[in-house]
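Spelled out, the chains give:
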Amino acid sequence: MSARVATRAVATRLAALLPLALALAAGPTDAAAQEVSARAYLSSNQVGVGQQFVLNVEVSGTQGVDQDPELPDLSSFSVYLGSGSSSSMQMSGGRTTISLTIQYRFQATRTGTFTIDPIEVRAAGSAFATEPLTLTVADAPVPQGSSAGPGTADRGIAPEDLFVEAVPSRRQVYENQPVVVDYRIFTRVNVSSYSITQLPPATGFWVEEYPPAGNPVIGQTVRDGMQYTTATIRKVALFPTGSGTRTLEPLGIEAQVRVRRRSAFDPFEDFFGRGSLLNSSISTAAASRPVEIEVLPLPGGRPENFTGFVGDLEVAATLDRDSVQVSDAVTLTVEVAGSGNLRMLAEPEVEVPPGFEAFPPEVTERVDRTDAGVSGTRTYEYVLVPRVPGVGAIPPVELAYFDPGRETYEVAASGALAVEVTGVAADGPLGTGRVRAGVEELRTDIRFIQLGSPALVLANRTLFAHPLFWITLLVPLAALGGAAGLRRHRDRLHGDVAYARSRRAAKVARKRLAEARKLVDGEDVRAFYAEAGHALEGFLADKLNIAAAGMIRDEVRDRLAVPGVDTEAAEPYLECLEECDRQRFAPPTASAEERARFLGRVEAAMAAMAEHLAR
């Protein structure tokens, strides 16, 4: 069970202890006679794209399951957000009924009517299958009021209270002409935090991501007569790779919203309604609406040396000297500046003068991302080595591109250059300019000889100076001390549960990681993340001497603070747990390389945690 699932599971189990104690105090009941059954239901049978829905699995007659229910694949129309559980006990007419409800939160991502296949539940030694469910995802948001049923996370937050909008800089562009897209959040409620749950696919675009701002710039705007707080949560420049209609798919988020519980009098609430002790936090989801971009094909009449670049360009070429001796190097620098997709700009064709040898260029680039688009420079430095005397003429370097503002093809060109070469021609003149592929190691024909001094032995040493004497003397004492320590260790293993679990934690974790490593290259992605999650949970539970199925994230953080484990070690560990939880229910898209890298993160987080706990 993941940390997040366990958080709610433990909370609900603790909540269940009170009525259970009351039930025991009230006298014998017939709870054991209650039949075990399972059913599934949705918080709402209709939601809008971007809204979340809760899939509830209720097991009656027991407060536990033998294993986590196997959910069908819902990735074709939703993304997994999180899970939790709750249990209940009711007494009526001398009869006690108990039940456990596991809640899975999803965010709808595609319109249509979908069927959720039966869910297999194993409890009380038997297997049960729920009835299939039907969910309708509408294009427009659907109000989720209190009637939506239990488990509705965004109950009380209307669609117009919080939404996300994709704002493109233009809706009609040419191929490879950039479109800057702002994904902005609009809210009328108090958002304490948010996370992006779904990134839109970049099908048909080459993407230049803008670096995220540390703290989003907050603004105020009026939309349909209502005041909103707004901020950019993601910004990208998209370069269409082909003509036709392209769609900006939705970007989904999950936000934590602080809401006020209704109270007649709250002395801790300030004038603006903030800081009240009666505030509570709920989660809600939203997604941007799809936006269509019309991409025009480039007009005909392309020049022969057209590079495919769309934007504007300037080309400059310089030499670091205008005269040089034969076989001395001269550097030709070609700098291309402009706005557009500079990263995909083809290398300019440089005509090397006859009698010169040229090496592959060293390429550097600088990219600036502004509201107007993407611009920068790309610099090519060629090393030229003349082999014959004379004057080496370098013709202009030309790059053809399409200017979308003028809707014409343009050619950017540098000036012509010349370098005077003096001296005597080198042996084996090249005749014509050529480009050398680089330095190649042909063979290694020099072997190193031993440089250190041989080991020397001192003459006339006494017995006390010989290490063997001290080894013979001290080994029995060390063995006696070791035997005493081993006996004490074994006694503690049998009598101290916390010590025994802590000692075996690393060994058990290694076995579980070994099982996860076997699944790195397999096809069952979820099994890999489940095994990695078990390793993380088990290791921490053994080290802290708590139940693996009962870890509350905040409680774990508090427990780790007692031995002095700082957040630098705790947060990566908890992030790995969250990743395992998310991947178990996310679409199985993680590649073998990604799983291998994640396993490395798990091992590093586990090693750091062990180091901090051992201090």
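Residues numbered from 1 in each chain as written. Predicted model: local features only at pLDDT ≥ 70, side-chain atom pairs only at ≥ 80, totals over all residues. Heavy atoms only, no water.

**Remarks on the overall build of the chain**
Counting its regular elements, the chain contains seven helices and 33 strands. Split into buried and exposed, the 615 residues of the chain put 40% on the buried side. Residue pairs in contact within the chain that sit at least 24 positions apart in sequence constitute 75% of those at least 6 positions apart. Only carbon and sulfur atoms are counted for the fraction: they give 53% of the accessible area of the chain, which is about 33700 Å². (Helix = DSSP H or I, 4+ residues; strand = E, 2+ residues; numbered from the N terminus. Buried < 20%, exposed > 50% of the residue type's maximum accessible area, 1.4 Å probe, protein only. Contact = heavy atoms within 4.5 Å. Areas by Shrake-Rupley, 256 points an atom, 1.4 Å probe, with all protein chains shown as cover.)

**Re the packing of aromatic side chains**
Applying the stated rule across the entire model yields 15 aromatic pairs. Residues Tyr174 and Phe402 carry aromatic rings whose centres are separated by 5.0 Å and whose planes lie at 70 degrees to one another, so their mutual orientation is edge-to-face. Linking Tyr174 in strand 12 (residues 172–174) with Phe402 in strand 30 (residues 398–403), this pair joins segments that are 228 residues apart in sequence. Assigned by exposure class, Tyr174 and Phe402 land together as buried. An aromatic cluster of at least three residues, connected via ring pairs, comprises Phe53, Phe77, Tyr80, Phe106 and Phe114. (Phe/Tyr/Trp six-rings, centres within 6.5 Å; stacked < 30°, edge-to-face > 60°.)

**Thoughts on the sheet that holds strand 24 (residues 323–325)**
In any sheet, the strands associate via hydrogen bonds between backbone groups, in a parallel or an antiparallel arrangement. Across the sheet, which stays open at both edges, the three strands sit in the order 24-32-29 with mixed pairing between neighbours. Where the open sheet ends on each side, the last strands, each with one partner, are strand 24 and strand 29 (390–394). Taking the axes of each pair of neighbouring strands and ignoring which way they run, one obtains an average angle of 30 degrees across the sheet. Direction of pairing for strand 29 relative to strand 32 (residues 417–422): antiparallel, over a ladder of five bridges. Looking at strand 32, one finds that Ala393 is bridged to Ala418. (Pairing = 2+ DSSP bridges. Axes fitted to C-alpha atoms, helices over the stretch in contact; angles between N-to-C directions.)

**Digging into helix 4 (residues 525–544)**
Given 3.6 residues per helical turn, the α-helix brings residues three or four places apart onto the same face. Along its 20 residues, helix 4 runs 29 Å from first to last C-alpha, staying within 8% of the 28 Å computed at 1.5 Å per residue. Among the 20 residues in helix 4, 15 count as buried, and that is most of the element. The backbone nitrogen of Arg526 has a side-chain oxygen 3.5 Å away, supplied by the residue at the start of helix 4, namely Asp524. Looking one or two residues past helix 4, Asn545 carries a phi angle of roughly 60 degrees, positive in sign. (Expected span 1.5 Å × (residues − 1). Polar contact = N/O pair within 3.5 Å; in protein donor to acceptor, adjacent residues only side chain to side chain.)

**Side note on the pattern of salt bridges**
A side chain of one charge can pair with a side chain of the opposite charge when the charged atoms of the two come close. Taken as a whole and judged by the stated rule, the model has 20 salt bridges. Across the pair Lys235 and Asp182 runs a salt bridge whose closest N-O atoms are separated by 4.0 Å. Of this pair, Lys235 sits in strand 17 (residues 226–240) while Asp182 is found in strand 13 (residues 179–187), placing the two residues 53 residues apart along the sequence. Residue Asp182 is classed as buried on the basis of its relative accessible area, which comes to 17%. (Salt bridge = Lys/Arg side-chain N within 4 Å of Asp/Glu carboxyl O.)

**Some words on the side chain of Thr101**
In this fold, Thr101 is placed in strand 6 (residues 95–108). What Thr101 contacts, discounting residues up to four positions off in sequence, is Tyr41, Asn56, Val57, Glu58, Gly84, Ser85 and Ser86.

**Quick look at the confidence of the model for the chain**
Here the chain averages 79 in pLDDT, and 80% of its residues register 70 or above. Contacts of residues 1–32 to residues separated by more than four positions or lying in other chains number 53 contacts, the stretch itself having pLDDT below 50. Residue range residues 264–277 is modelled with pLDDT below 50. Its contacts to residues more than four positions away, or to other chains, number 13 contacts. (pLDDT = per-residue confidence, 0-100.)

**Examining the state of the cysteines**
For the coordinates displayed, the defined rule picks out zero disulfides. The closest cysteine sulfur to the non-disulfide-bonded Cys576 is located on Cys580, 6.8 Å from its own sulfur. By relative accessible area, which is 2% here, Cys580 ends up buried. (Disulfide = S-S within 2.5 Å.)

**As for the environment of Arg601**
Here Arg601 lies in helix 7 (residues 592–613). What makes Arg601 partly exposed here is its relative accessible area of 41%. Sequence separation of Arg601 and Cys576 is 25 residues, and the distance between their C-alpha atoms is 7.5 Å. Residues contacting Arg601, with those up to four places away along its chain left out, are Glu575 and Cys576.

**Considerations on the environment of Gly355**
Assignment of secondary structure puts Gly355 in the loop between strand 25 (330–339) and strand 26 (356–358). Gly355 gets classed as buried once you look at its relative accessible area, which sits at 1%. Spatially, the C-alpha atom of Gly355 lies 9.8 Å from that of Val391, the residues being 36 residues apart in sequence.

**Topic: the packing of helix 4 against helix 7**
For any two helices packed against each other, the geometry comes down to the angle between their axes and how far apart the axes lie. Direction vectors running N to C along helix 4 and helix 7 enclose 0 degrees, while the axes themselves pass 11 Å from each other. Put simply, helix 4 runs roughly parallel to helix 7. Contact residues: Val525, Phe528, Tyr529, Ala532, Ala535, Leu536, Phe539, Leu540, Lys543 and Leu544 in helix 4; Arg595, Phe598, Leu599, Val602, Met606, Met609, Ala610 and Leu613 in helix 7. Here the residues of the contact of helix 4 with helix 7 are counted per class, giving 16 nonpolar, no polar and two charged. (Parallel < 35°, antiparallel > 145°, perpendicular 65-115°, else oblique. Nonpolar A, V, L, I, M, F, W, Y, C, P; charged D, E, K, R; others polar.)

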